[in-house]
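# Remarks on the overall topology
Here's the letter readout for the chains.
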Amino acid sequence: GNSYDIASIEAKWLPRWDEAEIFAPSDDGSKERRYVCDMFPYPSGDLHMGHAEAFALGDVVARYLKLKGFDVLHPVGWDSFGLPAENAAIKRNAHPAEWTYANIDTQAASFRRYATSVDWSRRLQTSDPEYYRWTQWLFLRFYERGLAYRKNSPVNWCPKDQTVLANEQVINGACERCGTPVTKKNLNQWYFKITDYADRLLDDMAELEGHWPERVLAMQRNWIGRSQGAHVDFAIDGMTDPETGEAKKVTVFTTRPDTLFGATFFVVAADAALSSELVDPEHRAALAAYQEQVKKLSDIERQATDREKTGVFLGRYAVNPINGQLLPVWAADYVLADYGTGAIMAVPAHDQRDLDFARAFGLPVTVVVQTGAEDPAETGIAAVGDGLLVNSGPLDGLPKAEAIPAAIELVAAAGTGEATTNFRLRDWLLSRQRFWGAPIPIIHCAECGEVPVPDDQLPVKLPEDLRGEQLAPKGTSPLASVADWVNVACPACGGTATRDTDTMDTFVDSSWYYLRYTSPGYTEGPFDPAAADRWMGVDQYVGGVEHAILHLLYSRFFVKVLNDMGLLKANEPFKALLNQGQVLNGGKAMSKSLGNGVDLSEQLSQFGVDAVRLTMIFASPPEDDVDWADVSPAGSAKFLARAWRLAQDVDSAPGTDPAAGDPALRAITHRTVAEAGALMDAHKFNVVVAKLMELVNASRKAIDSGPGAQDPAVREAAAAVAVLLSLFAPYTAEDMWERLGGTGFVAQASWPAVEESLLVQSTVTAVVQIQGKVRDRLEVPAEVTEDELRQLALASANVQRALDGRDIRTVIVRAPKLVNIVPA
Ligand code: ANZ
Ligand code: ZN
């Protein structure tokens, strides 16, 4: 029919695409490869508006590269382990797999309907045993290399979810998932030694510069937090180390060894074992009480600069190695147990936190750098700037930059210190006391200790019969209660042993899924190294900025380890990263509590998939937020109908030579295609849509009041619209393509060829006057610059003749239309 009915167009094409499966890459080397990957979704409920935005963007990139002739890998999968599934299972007395796989089915159907150009044959789910077998295999390879280890230490504990959390999962002191304030608990936990890679994770960011959003790079840099400084040893007066028999030593980390002479007291982290070790009997009770208080605080709260300083004197004195001065030793919460050495020399004149503490407890303040600032003891403002050293013996007179190495040399010569680099990055805590994750493939044997599960016994599968209350958090993993799962023979000695009952953080699963996509059925390893080398790194990764730290850093770590293992040539997982903006409603993030959620499936039913996709893309540049209250999917649908009608109206035979067509429309078509290509490369997708709208208007005008529907230029324009539109609105474009007699599916078409001769800029007539009298008329490009036009005017034979050798006083240029020459 001749009316645009998107519902029937969708119903017509979806099954045909499904059947044709045109989005699998050939992977035969006949074309250059490109890998476009969307961050895979978590299967909670159906797809939402945020997914619609992200997947539209990834799909536009993938479809564009395919039209441009690349062999494109664009896969799909699900990040399907995790707490929400477990919580849902507890509530519904079900197994987490039931909820998970039902949601995946729902999302997969929506995904197909959304017309994403993905290769369904590579689909994966991280909770499939065939997948987590290899997650466990990777864990064991890390373990063999000493990159996975277990230690007892204070960890972030969510009292509600009854599980540990990585530092990255604690947001402003609260559990990322449920918002409950996080506490500390001493537990035996598994870690990945990501700190071994801190330097490389930082230095290799140079390769990503310009291809990743700068703010993401900045966040990673800050998270890794490399700082150069020194370790300096302080002896504790009157205390001997029982092990060495020598004086007890405590090492501090400082970035300002130049201020050693300004140290007036010494602080150890209240929650570090060290403070209990150092405290004298008289102050033990006070310390214990203080420690109880500190336990309740998050690291963020502890470091907040505006908090009142608290602490306890430990009854001891540390000896400053540079001048022998005795410094009172305090325990306080503003020093963190797991940063540096957990102990500091306090220099109140030049460090604000130390100054606040000194003022709270009446400790002395000694200025050692003359910064020009007023006395910190008076103003309460630490002098952090540059200056020359004073009160510092051999360092006096040196500027800070020279005093730092000089001070390090002094302590090094005395054997009491050395230069060092410190990182903020901590090892990755990966064990979770929860059920719905990959079990850690380790067996604990009283005789043999930790014994890896042999590779040929992988996967260590989750029991299938736990449900409901049996999964409820109890502080230990629910797996611990399944006796016939836990008790096994030791693979080494055959004696009775028990399985590790923790599961892995789901960020382990998502650290390598993009590698599995390159060879999803591979049975010899997590991925076929040859396939991974063909496709990696990902040319365009698309996903939310909420993953700026955790997921991206962990994936980068995994790739570097795999590279070191010789399994992978790539050194970085994602060559380019695009962070889509959020979809808001009324200027605010959609949320249940605000009641401003917009249901994706309702939008799709009301306006059609194409209109929703187009609206997402047209609303803003990809990185910017889209406010759904400000956009018009109805307007998008109207435009799509207009585009679609062009193809209906074309009235020339397929295959007619466009060269015979209207030159003006042809020029617009070819210019649009050329500009669209450049804009796509620059990720200005919204501007491409605007250009496309102009082309549709020009084509409509050509039909209605121009050369008419039989002109071959109209057919050419409509075909270009169909191909370009297929990036954003695949259903409408496909239907146009069919009507125009295109071969195959529009997604298999080529990006339209641009005839350079048609790109010649349009010209205008410039008038050249001498003293107001017209002397010449020049045909010049509409985009001519003032300089160019001046040159052209002065070079004109008519102008030269009229000037007749006279000097020129001034030339007034109004590009592109007028030049006025005033002779001397
Ligand atoms: C003396 C000093 C004097 C310091 C001065 C700073 C300024 P970044 O740059 O973040 O690495 N520090 C060391 N370990 C700490 C811990 N566990 N908890 C809290 N603070 C700690 O910071 C390094 C500086 O932070 C170190 O240098 C130390 O204070 C403090 F004018 O040493 B400084
Ligand atoms: Zn054993």
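All values derive from a computational prediction rather than experimental measurement.

Inspection of the region around ligand 1 gives 17 residues, with Ser 227, Thr 254, Leu 336, Tyr 339 and His 350 positioned closest. A distance of 2.8 Å separates a nitrogen atom of ligand 1 from a polar backbone atom of Leu 336. Taken together, the elements giving at least two residues each to the shell around ligand 1 come down to strand E11 (247-254) and strand E15 (343-346). Here the shell around ligand 1 is composed, by residue class, of 8 nonpolar, 5 polar and 4 charged.

For the rest of this paragraph, the subject is the packing of aromatic side chains. Applying the stated rule across the entire model yields 43 aromatic pairs. Geometrically, the ring pair formed by Phe 142 and Phe 557 is edge-to-face, given 5.7 Å between the ring centres and 85 degrees between the ring planes. Pair noted here: Phe 142 is in helix H5 (residues 129-144) and Phe 557 is in helix H18 (residues 550-564), with a separation of 415 residues, a long-range link. The pair Phe 142 / Phe 557 is uniform in exposure class, with both members buried.

Our focus in this paragraph is the sheet that holds strand E30 (residues 626-627). Pairing in this open sheet of 3 strands is mixed, and the strands run E29-E28-E30 from one edge to the other. Taken across any chain shown, the strands that pair with only one partner, and hence form the sheet edges, are strand E29 (588-589) and E30.

Moving on to the packing of helix H22 (residues 663-681) against helix H24 (residues 712-725). Close contact between H22 and H24 brings their axes to 9 Å; oriented N to C, the two are set at 20 degrees. When the axis of H22 is compared with that of H24, the two are roughly parallel. Where H22 crosses over H24, the handedness of that crossing is left-handed. Counting all contacts with H22, which are made through Leu 665, Arg 666, Thr 669, His 670, Thr 672, Val 673 and Ala 676, the residues of H24 involved are Ala 713, Val 714, Glu 716, Ala 717, Ala 720 and Leu 724.

Residues of the protein chain with pLDDT of at least 70 account for 99%, and the chain-wide mean is 95. Across the assembled chains, the prediction reports ipTM 0.98 with pTM 0.86.

To continue, consider the coordination of the zinc ion (ligand 2). For a metal with four tetrahedral donors the ideal donor-metal-donor angle is 109.5 degrees, while six octahedral donors give ideal angles of 90 or 180 degrees. Each protein donor to the zinc ion (ligand 2) is listed here as Cys 445 (SG), Cys 448 (SG), Cys 490 (SG) and Cys 493 (SG); together their distances run 2.2 to 2.5 Å. Taken together, the 4 donor atoms surrounding the zinc ion (ligand 2) define angles of 103 to 115 degrees at the centre, an arrangement classified as tetrahedral. Sequence spacing of the donors to the zinc ion (ligand 2): C-x2-C-x41-C-x2-C. You can see Cys 448 sitting in the loop between strand E21 (442-445) and strand E22 (449-452) and its partner Cys 490 sitting in the loop between strand E23 (487-489) and strand E24 (496-499), a full 42 residues away along the chain. Judged by relative accessible area, Cys 490 falls into the buried class, the value being 3%.

As paired elements, strand E31 (residues 763-770) and strand E32 (residues 773-781) share 8 bridges and run antiparallel to each other. If you follow Thr 765 over to E32, its bridge partner there is Glu 779. Here E31 folds back onto E32, and the loop between the two strands holds 2 residues, one of which, Gln 771, carries a positive phi near 50 degrees.

Going from Leu 458 to Pro 459, the amide bond is cis rather than trans, its omega being 0 degrees. Cis geometry is adopted by the peptide bond preceding Pro 816, which originates at Ala 815 and carries an omega value of 0 degrees. Along the chain, Pro 816 turns up in the loop between strand E33 (808-814) and strand E34 (818-823). Here the phi dihedral of His 683 falls at roughly 60 degrees; this positive angle occurs in a residue that is not glycine. On the secondary structure map, His 683 appears in the loop between H22 and helix H23 (685-705).

Before going further, it helps to spend a moment on the pattern of salt bridges. The final tally for this structure, using the stated rule, is 38 salt bridges. We note a salt bridge from Lys 560 to Glu 572, for which the minimum N-O separation is 2.8 Å. Placement of the pair is Lys 560 in helix H18 and Glu 572 in the loop between H18 and strand E27 (577-579), with a sequence separation of 12 residues. Between Arg 666 and Glu 716 there is a salt bridge, with its nearest N and O atoms 2.8 Å apart. Taken as a pair, Arg 666 in helix H22 and Glu 716 in helix H24 lie far apart in primary sequence, 50 residues in all. Comparing Arg 666 with Glu 716, the two get one shared label, buried. One salt-bridge network, in which partners are shared between bridges, spans Lys 12, Arg 16, Asp 735 and Glu 738.

This part takes up helix H7 (residues 214-224). When H7 is considered as a whole, its buried residues turn out to be Val 216, Leu 217, Gln 220 and Ile 224. Down the axis of H7, the smallest arc covering the buried residues is 100 degrees, so these residues share one side. Those residues of H7 that are buried lie in contact with helix H6 (198-203), strand E10 (226-240), strand E18 (417-423), H18 and E27. Of the residues trailing H7, Gly 225 is marked for its positive phi of about 55 degrees.

The next point concerns the UniProt feature "domain: Aminoacyl-tRNA synthetase class Ia" (unreviewed entry) in the protein chain. On the UniProt side, "domain: Aminoacyl-tRNA synthetase class Ia" (unreviewed entry) is annotated at positions that read residues 426-628 here. Annotation note: span residues 426-628, helix share 26%, strand share 17%, distance between end C-alpha atoms 40 Å.

Take helix H21 (residues 633-649) next. Spanning 17 residues, H21 covers 24 Å between terminal C-alpha atoms, matching the ideal 24 Å at 1.5 Å per step. Listing the buried residues of H21 in full gives Pro 633, Ser 636, Ala 637, Phe 639, Leu 640, Ala 641, Ala 643, Trp 644, Leu 646, Ala 647 and Gln 648. Of the surrounding secondary structure, the elements contacted by the buried residues of H21 are helix H1 (6-20), helix H19 (600-607), helix H20 (609-618), H23, H24 and helix H25 (730-739).

Attention shifts here to the state of the cysteines. Scanning the model with the defined rule gives 0 disulfides in all. The cysteine Cys 175 is free of any disulfide, with Cys 178 supplying the nearest cysteine sulfur at 3.7 Å. For Cys 175, a relative accessible area of 3% translates into the label buried. You can see Cys 178 has no disulfide; the closest cysteine sulfur is in Cys 158, sitting 3.6 Å from it.

Below, the discussion takes up the sheet that holds strand E6 (residues 163-165). Pairing in this open sheet of 4 strands is antiparallel, and the strands run E6-E5-E9-E19 from one edge to the other. Strand pairing shows two members of the sheet lacking a second neighbour, E6 and strand E19 (428-429), which therefore form its edges. Sheet analysis places strand E5 (residues 148-158) next to strand E9 (residues 183-192), joined by 10 bridges and oriented antiparallel. Bridge pairing in E9 links Trp 157 to Thr 183. Seen against the sheet, H5 touches E5 and E9 and runs at an angle of roughly 90 degrees to E9.

Calculation criteria
- Residues numbered from 1 in each chain as written.
- Chains lettered and ligands numbered in written order.
- Predicted model: local features only at pLDDT ≥ 70, side-chain atom pairs only at ≥ 80, totals over all residues.
- Heavy atoms only, no water.
- Near = heavy atom within 4 Å.
- Polar contact = N/O pair within 3.5 Å; in protein donor to acceptor, adjacent residues only side chain to side chain.
- Helix = DSSP H or I, 4+ residues; strand = E, 2+ residues; numbered from the N terminus.
- Nonpolar A, V, L, I, M, F, W, Y, C, P; charged D, E, K, R; others polar.
- Phe/Tyr/Trp six-rings, centres within 6.5 Å; stacked < 30°, edge-to-face > 60°.
- Buried < 20%, exposed > 50% of the residue type's maximum accessible area, 1.4 Å probe, protein only.
- Pairing = 2+ DSSP bridges.
- Axes fitted to C-alpha atoms, helices over the stretch in contact; angles between N-to-C directions.
- Parallel < 35°, antiparallel > 145°, perpendicular 65-115°, else oblique.
- Left-handed = near helix turned anticlockwise from the far one by under 90°.
- Contact = heavy atoms within 4.5 Å.
- pLDDT = per-residue confidence, 0-100.
- Donors = N, O, S within 2.8 Å, 3.2 Å for Na, K, Ca; no water.
- Tetrahedral: all angles 85-135°; square planar, octahedral: opposite > 155°, others 65-115°.
- Salt bridge = Lys/Arg side-chain N within 4 Å of Asp/Glu carboxyl O.
- Arc of directions from axis to C-beta.
- UniProt positions renumbered as here; feature names shortened; annotations may be inferred.
- Expected span 1.5 Å × (residues − 1).
- Disulfide = S-S within 2.5 Å.

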